[in-house]
Amino acid sequence: MKDLSEKEYDELDDLLTKTTPKVKANGTGYISRREVQLLGLNSLSVDYLLARAEATQKSPAQIIDELVLEKIAASA
């Protein structure tokens, strides 16, 4: 993950704390391709997160949480 500048961090913080989580079919709303790319993810990861978020009606953050928890459970 790339390091965020102070400005990028503030923008991401504002985005995540001042918006209502929503996922729309076109990838806009709660978090779009541009916002996910701010996290430093590659295009394949961005595509996966947005597609899975749309299919499950969950936020990309929820998808990431699930993946991390699955990985932790598998290694226990």
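For clarity, every value in this text was computed on a predicted model and none was experimentally measured.

Trainee: Give me the lowdown on unusual backbone geometry, citing residues and values where you can.
Mentor: The phi dihedral of glutamine 57 falls on the positive side, at around 55 degrees, and the residue is not glycine. Take glutamine 57: it is sitting in the loop between helix H3 (43–56) and helix H4 (60–75).

Trainee: Can you explain the confidence of the model for the chain? Please cite residues and give values.
Mentor: For the chain, per-residue confidence averages 75 on the pLDDT scale, and 70% of positions sit at 70 or higher. Looking at the elements of the chain, mean pLDDT is at its lowest for helix H2 (residues 33–38), recorded as 66, and at its highest for H4, recorded as 88. Taken as a whole, residues 25–29 scores under 50 in pLDDT and shows five contacts with residues more than four places along the chain or in a different chain.

Trainee: Give a description of H3 that names residues and reports values.
Mentor: Compared with an ideal rise of 1.5 Å per residue, which puts 14 residues at 20 Å, H3 spans 20 Å between its outermost C-alpha atoms and is within 8% of the ideal. Residues of H3 that are buried: Val46, Leu49, Leu50 and Ala53. Angularly, the buried residues of H3 cover 90 degrees about the axis, an arc narrow enough to put them on a single face. Among the exposed residues of H3, those pointing more than 90 degrees away from its buried face are Leu44 and Ala55. One or two positions beyond H3, positive phi appears at glutamine 57, with a value near 55 degrees.

Trainee: I'd love a proper account of a nonpolar patch on the surface, names of residues and values included.
Mentor: A grouping of Ile64, Val68, Leu69 and Ile72 is seen on the molecular surface, where their side chains present a nonpolar patch of about 350 Å² in accessible area. In this fold, leucine 69 is placed in helix H4.

Trainee: Break down the packing of H3 against H4 for me, citing the residues and quoting the values.
Mentor: Packing of H3 against H4 leaves a shortest axis separation of 9 Å and a crossing angle of 105 degrees. One finds that H3 runs roughly perpendicular with respect to H4. Here Tyr48, Leu49, Leu50, Arg52, Ala53 and Thr56 of H3 come into contact with H4, specifically with Pro60, Ile63, Ile64, Glu66, Leu67 and Glu70. Across the contact of H3 with H4, the residue classes break down as eight nonpolar, one polar and three charged.

Trainee: Before we move on, could you go through the pattern of salt bridges and cite the residues and values that matter?
Mentor: Under the criterion given, the structure shown has three salt bridges. In this structure, the salt-bridge partner of arginine 52 is glutamate 66, at a minimum N-O distance of 3.7 Å. Highlighted residues: arginine 52 in helix H3 and glutamate 66 in helix H4, separated in sequence by 14 residues. Glutamate 66 gets classed as partly exposed once you look at its relative accessible area, which sits at 24%. Taken together, the shared-partner salt bridges connect Arg52, Lys58 and Glu66 into one network.

Conventions and cut-offs
- Residues numbered from 1 in each chain as written.
- Predicted model: local features only at pLDDT ≥ 70, side-chain atom pairs only at ≥ 80, totals over all residues.
- Heavy atoms only, no water.
- Helix = DSSP H or I, 4+ residues; strand = E, 2+ residues; numbered from the N terminus.
- pLDDT = per-residue confidence, 0-100.
- Contact = heavy atoms within 4.5 Å.
- Expected span 1.5 Å × (residues − 1).
- Buried < 20%, exposed > 50% of the residue type's maximum accessible area, 1.4 Å probe, protein only.
- Arc of directions from axis to C-beta.
- Patch = residues over 30% accessible without salt bridge, like charges linked within 9 Å, V, L, I, M, F, W, Y side chains within 5 Å.
- Areas by Shrake-Rupley, 256 points an atom, 1.4 Å probe, with all protein chains shown as cover.
- Salt bridge = Lys/Arg side-chain N within 4 Å of Asp/Glu carboxyl O.
- Axes fitted to C-alpha atoms, helices over the stretch in contact; angles between N-to-C directions.
- Parallel < 35°, antiparallel > 145°, perpendicular 65-115°, else oblique.
- Nonpolar A, V, L, I, M, F, W, Y, C, P; charged D, E, K, R; others polar.

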